[in-house]
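# Structural features, examined
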Amino acid sequence: MSANVYDELKERGFVAQVSDEEAVRKMLAAERVTFYVGFDSTATSLHAGSLVPIMAMVHLRRAGHRAIAVVGSGTTMVGDPSGKTEMRQMLEEATIRAQGQAILIQLARYLHFDGTSAIAVDNADWLLPLPYISFLRDIGRHFSVNRMLAAEAYKLRLEKGLSFIEFNYQLLQAYDFLTLFREYHCTMQMGGDDQWGNILAGVDLIRRVEGGAAEALTFPLLTTASGAKMGKTAQGAVWLDGALFSPYDFYQYWVNCDDRDVGRFLRIFTLLPLEEIRRLEELKDSGINEAKRVLAFEATKITHGELEAEKARQAAAAAFGKVGPAGGATGAKSDVIGDITVLPTTAVPRSRLEAGIALAGLFTEVGLTPSRKEAKRMIEQGGLYVNDERIDSIERLLTLKDLGPDGGLLLKAGKKKVHRIVPAD
RNA sequence: GGGCAGGUUCCAGAGUGGCCAAAUGGGACGGGCUGUAAACCCGUUGCGGAAACGCUUCGGAGGUUCGAAUCCUUCCCUGCCCA
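This part is about the environment of Val203. Along the chain, the position of Val203 falls in helix α12 (residues 196–210). Sequence-wise, Val203 and Thr187 are 16 residues apart; in three dimensions their C-alpha atoms are separated by 8.7 Å. If we skip the residues at most four places from it in the chain, Val203 touches Phe177, Ala214, Glu215 and Ala216.

As structure tokens, then:
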């Protein structure tokens, strides 16, 4: 059992706040610690932001500790008001349950639940049957409304309105921790920094009710250097589910990160040794793209597997390898002219190509542009390309003549969004 | 339950009968410069149309009017104050 998991986590940037740093460090060095992280069942998939707790769990588990992943179907029915401006949309119980199941399956990919060193539970199992009055008497009496109201997490909501149901969230999360403490001797809860108050409430509750000692650790809420929330793009969340967000796009998400974020991201989202990361951080100017490719490959490998990561890498190399007629300058690395066929592809009936296809429609059809109107606008602005050649007129039709030697052709929207078209008979 | 103030396009926020597809700012997107980065500069930002123009939008439903985001009725929702 490594003596330094805590220090490793800290050095990698996983630690925002800890209840008692010395106690946690000692505990993690001396014994097999059971810890937990909760995940909301608000969607059918987790997104890139959730990788922070996931990776922390992976590190701890590798160091010999026991991980409990709690899917929060019970708490999701209530909704956490912490740091939120508005009340969360109420979801149906069946929906929440189904989403919880999906998330559990997703988590299994990283944690390989075996019932002993990685355990999966759903808090709906113990929260839903709770009897109201005895819950109030046993648990509710330990909570001070005065203190809750003073908490920073509720400040926003006191201005905008906070309903009673949400006000109970903290009690439920604290009760989760108490339950896990009792059932599994779980002594540490981790979560995003916005969960600090909720986690501490659990630590307090364990002390008051059981006289037990438990610890809290939070992760920094990552934002990108440009201020955006981690794991969000203009199109929406960076889902971990390949069906919602393709491995190729996932790979590109990391490649396109801000220079300033590369080091931080390598530490958190990859398992590369720190020495290797430090070496990559030394890269400057255009060399830093090499570090980004490593980041993208490693991160994609963890979420989608090595095969998908490799495909994504090759597709990116193909799309940005500067081999097209328009690419004057030679690309940085001409080692791999990647496999172009792994790019997102749509087959179009040959007859349509014979007749000639209006481009604005086709770009929209394959999802490169949201509407024909937008596609036309982009053509006017010189933002759409066929085989790396700028489309100069909205009259332009796509025909068989556009097919390249490989039998397909490439559509580009902007410099980065690519889609391959192949004829179908 | 009573009183007051509100619900506008991705967000914030103007607009109070025609000049409104709707100011301004932010965001986003495209172009330029670069390194698939940042910063900066230019442009775009409801849908359809090559265009003329048409269509759908201002919480929901109904109504007044030649004409409504703007007026009336009613319903839903939010905030504040009082109970």
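Picking up where we left off.
All right, on to the layout of surface pockets then. The space that makes up the largest pocket amounts to roughly 1200 Å³. Lining the largest pocket are 44 residues, and of these Asp40, His47, Ser50, Lys84 and Asp194 lie nearest its centre. Contributions of two or more residues to the lining of the largest pocket are made by β2 (34–40), α3 (51–62), β3 (66–72), α11 (169–184) and β5 (188–192). Looking at the lining of the largest pocket element by element, the count peaks at 5 residues for β2. Of the residues assigned to the lining of the largest pocket, the class counts are 19 nonpolar, 17 polar and 8 charged.

We now examine the domain arrangement of chain A. When cut into domains, chain A gives domain 1 (5–219), domain 2 (232–332) and domain 3 (344–424). Here the C-alpha centroids of domain 2 and domain 3 sit 26 Å apart.

Looking now at the packing of aromatic side chains. The tally for this structure, following the rule as stated, stands at 9 aromatic pairs. With a centroid separation of 6.4 Å and 75° between ring planes, the pair formed by Phe14 and Phe219 is classed as edge-to-face. Of this pair, Phe14 sits in the loop between α1 (5–12) and β1 (17–18) while Phe219 sits in strand β6 (residues 215–219), and the two are 205 residues apart along the sequence. Classification of Phe14 as buried rests on a relative accessible area of 0%. Residue Phe219 is classed as buried on the basis of its relative accessible area of 2%. Relative to Tyr175, the ring of Phe135 lies with its centre 5.5 Å away and its plane at 85°, an arrangement referred to as edge-to-face. Remark: Tyr175 occurs in helix α11 and Phe135 occurs in helix α7 (residues 132–138); sequence separation between them is 40 residues. The residues Phe135 and Tyr175 share a single accessibility class, namely buried.

Around RNA strand B sit 38 residues in total, of which Asn256, Arg372, Lys373, Lys376 and Arg377 are the nearest. Considering RNA strand B, the proportion of its atoms within 4 Å of the protein that are sugar or phosphate atoms stands at 67%. Within the side chain of Gln381, a nitrogen or oxygen atom sits 2.9 Å from a sugar or linking oxygen of RNA strand B. Put simply, the parts of the chain that give the surface near RNA strand B at least two residues each are α9 (152–160), α13 (247–255), α16 (288–304), α17 (306–320) and α20 (372–380). Among the elements that take part in the surface near RNA strand B, α20 stands out by supplying 6 residues, more than any other. The residue inventory of the surface near RNA strand B, partitioned by class, reads 10 nonpolar, 10 polar and 18 charged.

For the rest of this paragraph, the subject is the sheet that holds β2. Strand order in the open sheet formed by 6 strands is β1-β6-β5-β2-β3-β4, with mixed pairing between adjacent strands. Pairing within the sheet leaves two strands with one partner each, and these edge strands are β1 and β4 (118–122). Two elements, β2 and β3, share 7 bridges in a ladder whose sense is parallel. Across the sheet, Asp40 pairs through a bridge with Gly72, a residue of β3.

Further remarks concern unusual backbone geometry. Glycine aside, residues mostly have negative phi angles, and peptide bonds mostly take the trans form. A positive phi is found at His185, a non-glycine position, where the angle reads about 50°. Checked against the element boundaries, His185 lands in the loop between α11 and β5.

A cluster of nonpolar side chains, namely Tyr132, Ile133, Leu136 and Phe164, defines an oily patch on the protein surface of about 440 Å² accessible area. If one sorts the elements of the nonpolar patch by residue count, α7 sits on top with 3 residues. In this structure, Leu136 sits in helix α7.

Within α20, burial applies to Ala375, Met378 and Ile379. Projected down its long axis, α20 shows its buried positions confined to an angular sector of 105°, all on one face. For α20, exposure combined with an orientation more than 90 degrees from the buried face picks out Lys373 and Glu380. One or two positions beyond α20, positive phi appears at Gly382, with a value near 75°.

Contact geometry of α11 with α12 gives a least axis separation of 8 Å together with a crossing angle of 55°. As far as their axial angle goes, α12 and α11 are oblique. At the point where α11 passes α12, the crossing takes the right-handed sense. Seen from α11, the contacting residues are Tyr169, Gln170, Gln173, Ala174, Tyr175, Phe177, Leu178, Phe181 and Arg182; seen from α12, they are Gly197, Asn198, Ile199, Ala201, Gly202, Val203, Leu205, Ile206, Val209 and Glu210. Residues of the contact of α11 with α12, tallied by class, amount to 12 nonpolar, 5 polar and 2 charged.

Turning to the sheet that holds strand β15 (residues 417–424), a few remarks are in order. Sheet architecture is open: 5 strands sit in the order β9-β15-β14-β11-β12, paired in mixed fashion. The open sheet has two edge strands, β9 (345–349) and β12 (389–390), and neither has a second partner. With 2 bridges joining them, strand β11 (residues 384–386) and β12 adopt antiparallel strand pairing. When the bridges of β12 are listed, Val386 appears paired with Glu389.

Reading the values: rules and limits
Residues numbered from 1 in each chain as written. Chains lettered and ligands numbered in written order. Predicted model: local features only at pLDDT ≥ 70, side-chain atom pairs only at ≥ 80, totals over all residues. Heavy atoms only, no water. Helix = DSSP H or I, 4+ residues; strand = E, 2+ residues; numbered from the N terminus. Contact = heavy atoms within 4.5 Å. 1 Å grid on protein atoms, 1.4 Å probe; cavity = no way out; pocket = protein on both sides within 12 Å on 5 of 7 lines; lining within 4 Å. Points joined across faces, edges and corners; volume = space filled by probe spheres on them. Nonpolar A, V, L, I, M, F, W, Y, C, P; charged D, E, K, R; others polar. Domains from an automatic or database assignment. Phe/Tyr/Trp six-rings, centres within 6.5 Å; stacked < 30°, edge-to-face > 60°. Buried < 20%, exposed > 50% of the residue type's maximum accessible area, 1.4 Å probe, protein only. Near = heavy atom within 4 Å. Polar contact = N/O pair within 3.5 Å; in protein donor to acceptor, adjacent residues only side chain to side chain. Pairing = 2+ DSSP bridges. Patch = residues over 30% accessible without salt bridge, like charges linked within 9 Å, V, L, I, M, F, W, Y side chains within 5 Å. Areas by Shrake-Rupley, 256 points an atom, 1.4 Å probe, with all protein chains shown as cover. Salt bridge = Lys/Arg side-chain N within 4 Å of Asp/Glu carboxyl O. Arc of directions from axis to C-beta. Axes fitted to C-alpha atoms, helices over the stretch in contact; angles between N-to-C directions. Parallel < 35°, antiparallel > 145°, perpendicular 65-115°, else oblique. Left-handed = near helix turned anticlockwise from the far one by under 90°.

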